[in-house]
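What the coordinates show
The chain contents come next:
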Amino acid sequence: MVDRDKIQFDLIKLLNGERLLRLTEPQSGLALEKKLAPSDAVVRQKEKLLGAFQAALALVELSAV
Amino acid sequence: MIRSKKLAASQVHRRSGIILGWTTGVEWRLNLAVIDINQFKNFRLQGGFIITDIELTDDPIVDAIGREAIAQTQTIAGRFRLFIRSGLSEEELSITLYHEILEAASVAIANPPAGVMDFNEADFERAAHDAHKRWGNASPANLDLLLHFHGFRGQ
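Below: a short report on this structure.

Moving on, we get to the overall build of chain B. The secondary structure content of chain B amounts to four helices and eight strands. Of the regular secondary structure in chain B, the N- to C-terminal order runs β-β-β-β-β-β-β-β-α-α-α-α. The buried share of chain B, reckoned over its 155 residues, is 34%. Here the contacts in chain B between residues at least 6 apart in sequence split such that 60% fall between residues at least 24 apart.

Here is the structure:
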């Protein structure tokens, strides 16, 4: 599993008021982004996205072997 | 602690921009008249976070697929970089700073304090407005107060 300290978290507030959360692993360049649901807890949405991101990173690492 | 009472008197130190005001009771407030973005750079916050950079930009913040943003906060290993569109009023900038820092801190760590675990976007915005009302314009010390208030601890 990738070190959490190596994942970049971007919180982006769009002109239309929507909020995006983007996770990026700078070494592989892999990024995953989600528009945050305004009524749901942000931390829980982040944990779900992070789980998916770490699974995707594991696939990238496997395919590189 | 500051409450939203009218100031009975105030003094402005012109060089620092600091306002020192007295309310009708024993309360007081110490505040910056103007938000100086440079004061935040390399400031270490509660929770061990560091603001490495803040930029107010006249240029549109646009991503690869053309979406325009008004603010973006990058966090990696507890280090924050903020990009904010210029042209916001003093109050809007202050509230934006409170909001961005509290939400970024909540997202950045594995185990956020219980106080922010259930916060949705509206809750973060409300917390930012409350902080602005309670402590005045965002400053490094006030961002620290905000994080401490919501349960972040440690340097």
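After that view of the structure, there is still more to cover.
As a further point, take the packing of helix α1 (residues 90-108) of chain B against helix α4 (residues 140-149) of chain B. All names here are of chain B. Contact geometry of α1 with α4 gives a least axis separation of 10 Å together with a crossing angle of 45 degrees. The angle between α1 and α4 falls in the class oblique. As α1 packs across α4, the resulting crossing turns out to be right-handed. Two secondary-structure elements touch here, α1 through Leu-97, Tyr-98, Ile-101, Leu-102 and Ala-105 and α4 through Leu-143, Leu-146 and Leu-147. A breakdown of the residues in the contact of α1 with α4 according to their chemical character gives eight nonpolar, no polar and no charged.

What follows concerns the interface of chain B and chain A. If you look at the interface, chain B gives 27 residues, while chain A gives 20 residues. Elements supplying a minimum of two residues to the side of chain B that touches chain A: β7 (68-76), α1, α2 (114-117) and α3 (121-135) of chain B. Per-element accounting of the side of chain B that touches chain A gives the leading share, nine residues, to β7 of chain B. Its residues placed into classes, the side of chain B that touches chain A shows 15 nonpolar, six polar and six charged. Bridge count between strand β1 (residues 8-14) of chain A and β7 of chain B: six bridges; the pairing is antiparallel. Bridge assignment links Leu-14 of chain A to a residue of β7 of chain B, and that residue is Ala-69 of chain B.

All names here are of chain B. Bridge analysis of strand β4 (residues 43-44) against strand β5 (residues 50-57) gives two bridges, and the strand direction is antiparallel. When the sheet's bridge partners are listed, Phe-43 is paired in β5 with Ile-51. Where β4 hands over to β5, the hairpin turn is made up of five residues, of which Gly-47 adopts a positive phi near 90 degrees. In terms of strand pairing, β5 meets strand β8 (residues 79-85) through seven bridges, oriented parallel. Opposite Leu-56, over in β8, you have Ile-84 as the bridge partner.

This brings us to the packing of helix α1 (residues 42-64) of chain A against α1 of chain B. Across the interface, α1 of chain A lies against α1 of chain B with an axial gap of 9 Å and an inter-helix angle of 40 degrees. Compared by their axis directions, α1 of chain A and α1 of chain B come out oblique. Two packed elements cross with a definite hand, and for α1 of chain A against α1 of chain B that hand is right-handed. Each of Val-42, Val-43 and Lys-46 of chain A in α1 of chain A lies in contact with α1 of chain B, whose residues at this interface are Glu-103, Ser-106 and Val-107 of chain B. Split into classes, the residues belonging to the contact of α1 of chain A with α1 of chain B amount to three nonpolar, one polar and two charged.

With that settled, consider the environment of Lys-35 of chain A. As for its position among the elements, Lys-35 of chain A is in strand β3 (residues 30-35). Leaving out residues up to four positions away in the same chain, Lys-35 of chain A has contacts with Glu-18 and Leu-20 of chain A.

For the rest of this paragraph, the subject is the pairing of β1 of chain A. All names here are of chain A. Within β1, five of the seven residues are buried, which leaves the element mostly enclosed by the surrounding structure. Where β1 meets strand β2 (residues 19-25), six bridges bridge the pair, whose relative direction is antiparallel. Within β2, the residue paired with Leu-11 across the bridge is Leu-21. Where β1 hands over to β2, the hairpin turn is made up of four residues, of which Gly-17 adopts a positive phi near 95 degrees.

Residues and elements named next belong to chain B. The residue Leu-97 is located in helix α1 in this model. Remark: the alpha-carbon pair of Leu-97 and Ala-138, spanning 41 residues in sequence, is separated by 6.6 Å. Sequence-distant contacts of Leu-97, defined by excluding residues within four places in its chain, comprise Ala-138 and Leu-143.

Conventions we followed
Residues numbered from 1 in each chain as written. Chains lettered and ligands numbered in written order. Predicted model: local features only at pLDDT ≥ 70, side-chain atom pairs only at ≥ 80, totals over all residues. Helix = DSSP H or I, 4+ residues; strand = E, 2+ residues; numbered from the N terminus. Buried ≥ 20, exposed ≤ 12 C-beta atoms within 10 Å, placed from the backbone. Contact = placed C-beta atoms within 7 Å. Axes fitted to C-alpha atoms, helices over the stretch in contact; angles between N-to-C directions. Parallel < 35°, antiparallel > 145°, perpendicular 65-115°, else oblique. Left-handed = near helix turned anticlockwise from the far one by under 90°. Nonpolar A, V, L, I, M, F, W, Y, C, P; charged D, E, K, R; others polar. Pairing = 2+ DSSP bridges.

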